[in-house]
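Descriptive analysis of the structure
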Amino acid sequence: MLLLIWFAAVSAQAGELEDFLAGHFAGVPAANVHLAEGWGPLESALLPEKCGTCHPQQLVDWSGSRHSMATGPGLAGQLLDAPARFEVCNTCHAPLAEQRPLAGGAENLDSFREDLRDVGLGCASCHVRDGEMHGPPARPGRAEPGPGFPHGGYVQHDAFESVEFCGTCHQFPETGRRVAGVLLEDTVSEWAASPWGERAEPCQTCHMPDRRHLWRGIHDPAFTEEGLTITLASTGRTAAVYAVTSTAVGHRFPTYVTPRITLRIWAVNADGQVVASGEHVIQRRVPLSLAEQSFDTRLHPGESAVLPLEWRRKDHPVRVEAKLVVEPDEFYRRFFESYHSDNPDAQALIETARQDTVDSLYEIGVRSLDLSTQ
């Protein structure tokens, strides 16, 4: 009997979560500020900088996150050429009806706000619906956010602490685009098969610790290196091995098709000349057409990429060096390099986006092995 009650409770919770997310993100959600009661100009603006008046740390965190860049020059340039794409891309990049001039048809034209269009995933994207604030349950020991609170408090829901909330944009549906039989974006499924999924530790554990609005990921060198164990060791008088293990990444590394991670190892002699070298690419490599998959060498949680190196004793190497070169936007770089527009404004935006993808490259896992004593 107790087991039946437990199953019924779990089923009810799952149904409640599904219903909430369907209402919160399905279709074209609207903030509908005109329905709010007792809101002042700060809340009604729906602009992150206004929310930051009372939530300064959240504003700082969000401003440095990828969510704040969701409607950057790469998307803006494409939309100048093909405005109709706006309604497809902006389902995740700028989801509110107030951000989308064509959202939901003519009945929503009065809702559109030009000042919100380029905000991307701002505060209101997740927290405002139909004139009400929404958020996670109050922290233990904190007062319940009732009517006496600013903007009338907020509606609490466990969904804000669930993997499904993030999966709204970071997991394609079963009917979504597949390459080589695998969904183009399959992060929640990867998580479910990981130790984090088995322990039911949601995305927020790592990407929003202590409810920080940082959403750190592959673009953050320190965060990326924290998820890996990286070693360089001698395996004999004429050999060494560079190894990278995914020890604290709750999904495949990397999870999407956009990054490329290259392991590099080389031996140098006393004159600084490279006498032996090697490299290995970690990536789900797909062409711009997304018609096929060249290879998929991404790491599952706990899996390692091992790059050995051998050299000739007569080359007298004195040092072995190694590093990881991380290109978070390698796919986008290829895309923007191939893009051409007859609209000079669009092409200028695309060029800015291309340069951003070049600038996002960084190096981690730098290691050196002294051979002079061998």
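Residues take numbers from 1 onward in each chain, read along the sequence in its written order. pLDDT decides what is reported in this predicted model: residues at 70 or higher carry local features, side-chain atom pairs at 80 or more are listed and counted, and totals for whole chains, interfaces and linings draw on all residues regardless. Side-chain metrics in this entry use all non-hydrogen atoms of the structure; hydrogen atoms and water are not considered.

**A short note on the overall build of the protein**
This is how the line gets drawn: The helix and strand labels rest on DSSP assignments: H or I over at least four residues marks a helix, E over at least two residues marks a strand, and numbering proceeds from the N terminus. The rule is simple: take the accessible area with a 1.4 Å probe, protein chains only, and divide by the maximum for that residue type; under 20% is buried, over 50% is exposed, in between is partly exposed. For the accessible areas, the method is Shrake-Rupley and the probe is 1.4 Å, while residue cover comes only from the protein chains on display. The charge count includes Lys and Arg as positive and Asp and Glu as negative, but it does not include His or the ends of the chains. Charged groups are reduced to one reference atom each: NZ for lysine, CZ for arginine, CG for aspartic acid, CD for glutamic acid.
Helix and strand content of the protein: 14 helices and 14 strands. Principal-axis analysis of the C-alpha atoms gives the protein an extent of 80 × 65 × 40 Å. Relative to its full complement of 374 residues, the protein shows a buried share of 43%. Per element, the accessible surface of the protein, about 19400 Å² overall, is 56% carbon and sulfur. A distance of 9 Å separates the average location of the 31 positive side-chain charges in the protein from that of its 50 negative side-chain charges.

**Some thoughts on the packing of helix H13 (residues 330-338) against helix H14 (residues 344-359)**
Stated formally: To get an axis, fit a line to the C-alpha atoms, keeping to the stretch in contact for a helix; angles then go from 0 to 180 degrees between the N-to-C directions. Under this scheme an angle from 65 to 115 degrees is roughly perpendicular, one under 35 degrees roughly parallel, and one over 145 degrees roughly antiparallel; angles in between are oblique. Definitions for this section: a left-handed crossing has its near helix turned counterclockwise from the far helix by less than a right angle. A right-handed crossing has that turn clockwise. Pairs of residues are marked as contacts when any of their non-hydrogen atoms sit within 4.5 Å. Classes in brief: Ala, Val, Leu, Ile, Met, Phe, Trp, Tyr, Cys and Pro nonpolar; Asp, Glu, Lys and Arg charged; the others, Gly included, polar.
Relative to each other, H13 and H14 sit at 150 degrees, their axes nearing to 9 Å. As far as their axial angle goes, H14 and H13 are roughly antiparallel. Regarding H13 and H14, the two cross each other, and that crossing is left-handed. Seen from H13, the contacting residues are Tyr332, Arg333, Phe336 and Glu337; seen from H14, they are Ile350, Ala353, Arg354, Thr357 and Val358. Class assignment for the residues of the contact of H13 with H14 results in five nonpolar, one polar and three charged.

**Describing a negative patch on the surface**
Basically, it comes down to this: Like charges are joined within 9 Å and nonpolar side chains (Val, Leu, Ile, Met, Phe, Trp, Tyr) within 5 Å, but only among residues with over 30% relative accessible area and no salt bridge; these make up the patches. Any Lys or Arg side-chain nitrogen found within 4 Å of a carboxyl oxygen on Asp or Glu counts as a salt bridge.
Together, Glu16, Glu18, Asp19 and Asp158 line one region of the surface with negative charge. Mapping glutamate 16 onto the fold places it in helix H1 (residues 2-25).

**Quick notes on unusual backbone geometry**
In this model, phenylalanine 253 is joined to proline 254 through a cis peptide bond whose omega is -10 degrees. The backbone of alanine 200 shows a phi angle near 60 degrees, a positive value even though the residue is not glycine. The phi torsion at arginine 211 lies on the positive side, around 65 degrees, for a residue other than glycine. Structurally, arginine 211 can be placed in the loop between helix H11 (204-207) and helix H12 (221-226). Classification of arginine 211 as partly exposed rests on a relative accessible area of 26%.

**Notes on the sheet that holds strand S6 (residues 228-236)**
Each strand in a sheet pairs with its neighbour through backbone hydrogen bonds, running either in the same direction (parallel) or in the opposite one (antiparallel). Which entries qualify depends on this criterion: For two strands to be treated as a pair, DSSP must find no fewer than two bridges joining them.
Spatially, the three strands line up as an open sheet ordered S6-S7-S12, and their pairing is antiparallel. Each edge of the open sheet carries a strand with a single partner, namely S6 and strand S12 (304-310). Sheet twist, expressed as the mean angle between neighbouring strand axes with direction ignored, is 15 degrees. As judged from the eight bridges shared by S6 and strand S7 (residues 239-246), these two strands associate in the antiparallel manner. By the bridge assignment for S7, threonine 231 is matched with alanine 243.

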